[in-house]
Number of protein chains: 2
Amino acid sequence: MARLLCFAVIQDAFGPDLEGNIARVEGLIREAAKAGAKLILAPELFQGPYFCKSEETKHFAHAYPYKEHPVIQKLGPLAGELNVVLPLSIFENAGQEYFNSLVMIDADSSLLGVYRKSHIPDGPGYEEKFYFKPGDTGFKTWTTLNGKIGVGICWDQWFPEAARAMMLQGAELLLYPTAIGSEPENPALDTRDRWRRAMIGHAVSNVVPVGAANRVGDEDGQIFYGSSFICDDGGDLLSEMNRVESGFITATVDLDKIAAARADWGFFGDRRPDLYGALTEKQ
Amino acid sequence: MARLLCFAVIQDAFGPDLEGNIARVEGLIREAAKAGAKLILAPELFQGPYFCKSEETKHFAHAYPYKEHPVIQKLGPLAGELNVVLPLSIFENAGQEYFNSLVMIDADSSLLGVYRKSHIPDGPGYEEKFYFKPGDTGFKTWTTLNGKIGVGICWDQWFPEAARAMMLQGAELLLYPTAIGSEPENPALDTRDRWRRAMIGHAVSNVVPVGAANRVGDEDGQIFYGSSFICDDGGDLLSEMNRVESGFITATVDLDKIAAARADWGFFGDRRPDLYGALTEKQ
């Protein structure tokens, strides 16, 4: 018994031209679909530059209600045309609230819903709390035509609780769209290896493949380090990109084989929810 | 401001001679203390061979009430003599119940208490559910004379919930005594890299140094792979041992510098306990 899933992660640079960014991602989605991918992940907030490096009122104008977002309007129909699942990262305007959100489009173009980034970073170069309210949807695993998929947006990727919550909903694959690079006030700090290690830890602890899509490029001195990757359920890299290239990578995993391995490892059978109370308490 | 802690992890092989095993560990503790270590971790169940590879009644005879355990009787006084903290792994007989336990001895030889391994594995070569009741103490962080230390015994090391629970109690260092090696019924599976990746993931996600002590040796065909290591709060290896050597490694970390880095990263400030409810629910 084998249930093979070929999926892709996209890596690219994104400038101020919204239509151009969407068109370039569309082109990469078409290529990845031609290469066999049934599920294609683009980086976080690919609609434009990573605007959160500063706190400026003007950027709120580029948020939209999720169903009306140009990214969803344009790429939603593409999913059904290509029969691919598209988790799409957007800046969402929800009335008086703004979120860093992800819209899941199924392979028949049906819109499965929205998940809002739950953990919001805030610090030099990554001033997200100015823009985004901490998400109110909780973590979600999506039952798509091409697999049960959990997605954690960027900062959510560092939290083992988020990975576990998605697994407990039945996720068979974890995906992380992200925008991470240099630290403007701490140029000596290269977070690349930590970033990978945290997600590789989730892969091992949950016996699940992981894919991460990051942007590249120099945005006014903030250098996004790419390094997008796909690892298997033991944390071995199946495919990776370097710090500068644009394009996509794919990998094929056997979801049935991995489900059997997950049962064999026994982590989920041996969990002790009765002892985890401290994790849900306010400190 | 710097608060330096030098600590050590021991790696060795253990045969059926209880007194000999204790004496050899005592010798390594004395050497590590001479090298400057203030906290010294020996591997899991160093009192003898890893008996859990089979299910045999006779092994229950080698469990003792924790205060009376030969390991505690002999090495408890040593802690005060050398001014070192000793987390000691034992097979505990608690009346009608048996546990895979750890006794924490402070640097003045005071016995701080017992923690019982919470997640118990069970499978070919690791038949622990035959011997050990799942622990009833919860996860513990110990305020010792030489730092606030969290310890997770072997299988507990794979669970991000355990690491997080210890961190939420204020742990500044996570230690994992372990006994892991080849898989008798699946000789092609080498779990060494997964084992390290899971703990390195805890280091990164919690911004905390980690030390792991494993045994070596061939016990009737079950090959323990050593590979004991110490990594820093970003998952970089500070020191490691290979798959066969005996001895110890040390590393020095600055607990104040790491606490500042942990605050700067902000993971604990950004946590969303309100969204983690699924982690404590029965499935």
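Residues numbered from 1 in each chain as written. Chains lettered and ligands numbered in written order. Predicted model: local features only at pLDDT ≥ 70, side-chain atom pairs only at ≥ 80, totals over all residues. Heavy atoms only, no water.

Draft legend 1. Expanded view of the side chain of Asn100(A). Residues and elements named next belong to chain A. Turning to its location among the elements, Asn 100 is positioned in strand β4 (residues 97-105). Relative accessible area serves as the criterion here: at 0%, Asn 100 is assigned to the buried category. With sequence-adjacent residues up to four places away left out, Asn 100 is seen in contact with Glu 44, Leu 45, Ser 89, Ile 90, Tyr 115, Arg 116, Lys 117, Glu 128, Phe 132 and Ile 153. (Helix = DSSP H or I, 4+ residues; strand = E, 2+ residues; numbered from the N terminus. Buried < 20%, exposed > 50% of the residue type's maximum accessible area, 1.4 Å probe, protein only. Contact = heavy atoms within 4.5 Å.)

Draft legend 2. Structural view of the packing of aromatic side chains. Enumeration according to the criterion identifies 50 aromatic pairs over all chains in this entry. Measuring from centroid to centroid gives 5.3 Å for Phe91(A) and Phe132(A), while their planes differ by 85 degrees, and the two rings are edge-to-face. Residue Phe91(A) is found in strand β3 (residues 86-94), and its partner Phe132(A) is found in the loop between β5 (111-116) and β6 (141-144); the two are separated by 41 residues along the sequence. Assessed through its relative accessible area of 2%, Phe132(A) is described here as buried. Relative to Tyr131(B), the ring of Phe51(B) has its centre 5.0 Å away and its plane inclined at 85 degrees; by these criteria the two rings are edge-to-face. With Phe51(B) in the loop between β2 (40-41) and α2 (70-82) and Tyr131(B) in the loop between β5 (111-116) and β6 (141-144), the pair connects residues that are 80 residues apart, well separated along the chain. Residue Tyr131(B) is classed as buried on the basis of its relative accessible area of 2%. Through a chain of ring-to-ring contacts, three or more aromatic side chains come together here, namely Phe51(A), Phe60(A), Phe91(A), Tyr98(A), Phe130(A), Tyr131(A) and Phe132(A). Over the aromatic face of Phe268(B) sits the side chain of Arg164(B), whose NZ or CZ is 5.0 Å from the ring centroid. (Phe/Tyr/Trp six-rings, centres within 6.5 Å; stacked < 30°, edge-to-face > 60°. Lys NZ or Arg CZ within 6 Å of the ring centre and 35° of its normal.)

Draft legend 3. The sheet that holds β6(B), seen in detail. Residues and elements named next belong to chain B. With respect to topology, six strands assemble into an open sheet ordered β6-β7-β8-β9-β12-β13, the strand pairing being mixed. Two strands bound the open sheet, and with one partner strand each, they are β6 and β13 (237-240). Going from strand to strand, the sheet's axes swing by 20 degrees on average, the running direction of each strand aside. Bridge count between β6 and strand β7 (residues 147-151): four bridges; the pairing is antiparallel. Each residue of the ladder has a partner; that of Thr 143, found in β7, is Lys 148. In this fold helix α4 (residues 192-206) packs onto β8 (173-177), β9 (210-213), β12 (229-231) and β13, with an angle of close to 30 degrees to the strand it touches most, β12. (Pairing = 2+ DSSP bridges. Axes fitted to C-alpha atoms, helices over the stretch in contact; angles between N-to-C directions.)

Draft legend 4. Region of the structure containing the relation of the copies chain A and chain B. Of the two same-sequence chains, chain A is brought onto chain B (RMSD 0.0 Å, axial shift 0.0 Å) by a rotation of 180 degrees. Interpreted geometrically, this transformation is the action of a two-fold axis. In terms of proximity to the rotation axis, the leading residue of chain A is Gly201(A), whose C-alpha is 2.1 Å off the axis. Of all interface residues in chain A, 100% are interface residues in chain B too; the two copies therefore contact each other through one and the same surface. (Least-squares fit on C-alpha atoms with pLDDT ≥ 70 in both.)

Draft legend 5. Quick peek at the nonpolar core. Trp158(A), Leu174(A), Val210(A), Trp158(B), Leu174(B) and Val210(B) are the most contacted members of the largest nonpolar core, which has 89 residues in total. In this structure, Val210(A) is in contact with Leu173(A), Leu174(A), Tyr176(A), Met199(A), Ala203(A), Phe229(A), Ile230(A) and Cys231(A), ignoring residues within four places of it in sequence. (Core = buried A, V, L, I, M, F, W, Y, C linked by side-chain atoms within 4.5 Å.)

Draft legend 6. Expanded view of the state of the cysteines. Applying the stated criterion across every chain, the model contains zero disulfides over all chains. Note on Cys231(A): no disulfide assigned, nearest cysteine sulfur contributed by Cys6(A) at a separation of 16 Å. Take Cys154(B): it sits in no disulfide, and the sulfur closest to it among the cysteines is that of Cys52(B), at 9.4 Å. (Disulfide = S-S within 2.5 Å.)

Draft legend 7. The pattern of salt bridges, seen in detail. Counted under the stated rule, the structure contains 44 salt bridges over all chains. Taking the shortest distance from any N to any O, the salt bridge between Asp233(B) and Arg194(A) comes out at 3.3 Å. With Asp233(B) in the loop between β12 and β13 and Arg194(A) in helix α4 (residues 192-206), this pair bridges two chains. Of the two residues, Asp233(B) and Arg194(A), neither departs from the other in class, the shared state being buried. With a shortest N-O distance of 2.8 Å, Arg196(B) and Glu240(B) are connected by a salt bridge. In this pair, Arg196(B) is assigned in helix α4 and Glu240(B) in strand β13, connecting sequence segments 44 residues apart. Through salt bridges that share partners, Glu26(A), Arg30(A), Lys74(A) and Glu81(A) make up one connected network. (Salt bridge = Lys/Arg side-chain N within 4 Å of Asp/Glu carboxyl O.)

Draft legend 8. Structural view of the layout of surface pockets. Considering only enclosed or pocket space, the largest pocket measures out at about 830 Å³ in volume. Residue lining of the largest pocket: 36 residues in total, with Glu183(A), Leu189(A), Thr191(A), Asp264(B) and Trp265(B) positioned closest to the centre. Broken down by secondary-structure element, the contributors of at least two residues to the lining of the largest pocket are α4 of chain A together with β14 (247-254) and α5 (255-265) of chain B. Considering every element that reaches the lining of the largest pocket, the biggest residue donor is α5(B), with five residues. Taken together, the residues of the lining of the largest pocket break down into 14 nonpolar, six polar and 16 charged. (1 Å grid on protein atoms, 1.4 Å probe; cavity = no way out; pocket = protein on both sides within 12 Å on 5 of 7 lines; lining within 4 Å. Points joined across faces, edges and corners; volume = space filled by probe spheres on them. Nonpolar A, V, L, I, M, F, W, Y, C, P; charged D, E, K, R; others polar.)

Draft legend 9. Quick look at the interface of chain A and chain B. Taken together, the contacts link 45 residues of chain A with 45 residues of chain B. Buried surface at the junction of chain A and chain B, both sides included, amounts to about 4300 Å², of which 61% is carbon and sulfur. The largest contributions to the chain A side of the interface with chain B come from Arg194(A), Trp265(A) and Leu279(A), which together make up 17% of the buried area. Our count for the chain A to chain B interface comes out at 10 salt bridges. At the boundary of chain A and chain B, one finds 24 residue pairs in polar contact (both at pLDDT 80 or more). Those elements that provide at least two residues to the side of chain A that touches chain B are α3 (160-168), α4 and α6 (267-270) of chain A. Here the element with the most residues in the side of chain A that touches chain B is α4(A); it accounts for eight residues. When the residues that make up the side of chain A that touches chain B are grouped by side-chain class, the tally is 21 nonpolar, 13 polar and 11 charged. (Buried area = accessible area lost by both parts, 1.4 Å probe. Polar contact = N/O pair within 3.5 Å; in protein donor to acceptor, adjacent residues only side chain to side chain.)

Draft legend 10. A look at the sheet that holds β14(B). Residue and element names in this part refer to chain B. The strand order across the open sheet formed by three strands is β2-β1-β14, and the pairing between neighbours is mixed. The open sheet terminates on both sides in strands that have one partner only, identified here as β2 and β14. Here two bridges tie strand β1 (residues 4-11) to β2, and the two strands are oriented parallel to one another. Looking at β2, one finds that Ala 8 is bridged to Ile 40. The sheet strands contacting α5 are β1 and β14, and the helix crosses β14 at an angle near 60 degrees.

Draft legend 11. View of the packing of helix α1 (residues 18-34) of chain B against α2(B). All names here are of chain B. Interaxial distance between α1 and α2 falls to 10 Å at its minimum, and their mutual angle equals 15 degrees. Our classification of the angle between α1 and α2 gives roughly parallel. The handedness of the crossing between α1 and α2 comes out as right-handed. In this structure, α1 contributes Leu 18, Ile 22, Val 25, Glu 26, Ile 29, Arg 30 and Ala 33 to the contact, and α2 contributes Pro 70, Val 71, Lys 74, Leu 75, Leu 78, Glu 81 and Leu 82. Classifying every residue of the contact of α1 with α2 gives 10 nonpolar, no polar and four charged. (Parallel < 35°, antiparallel > 145°, perpendicular 65-115°, else oblique. Left-handed = near helix turned anticlockwise from the far one by under 90°.)

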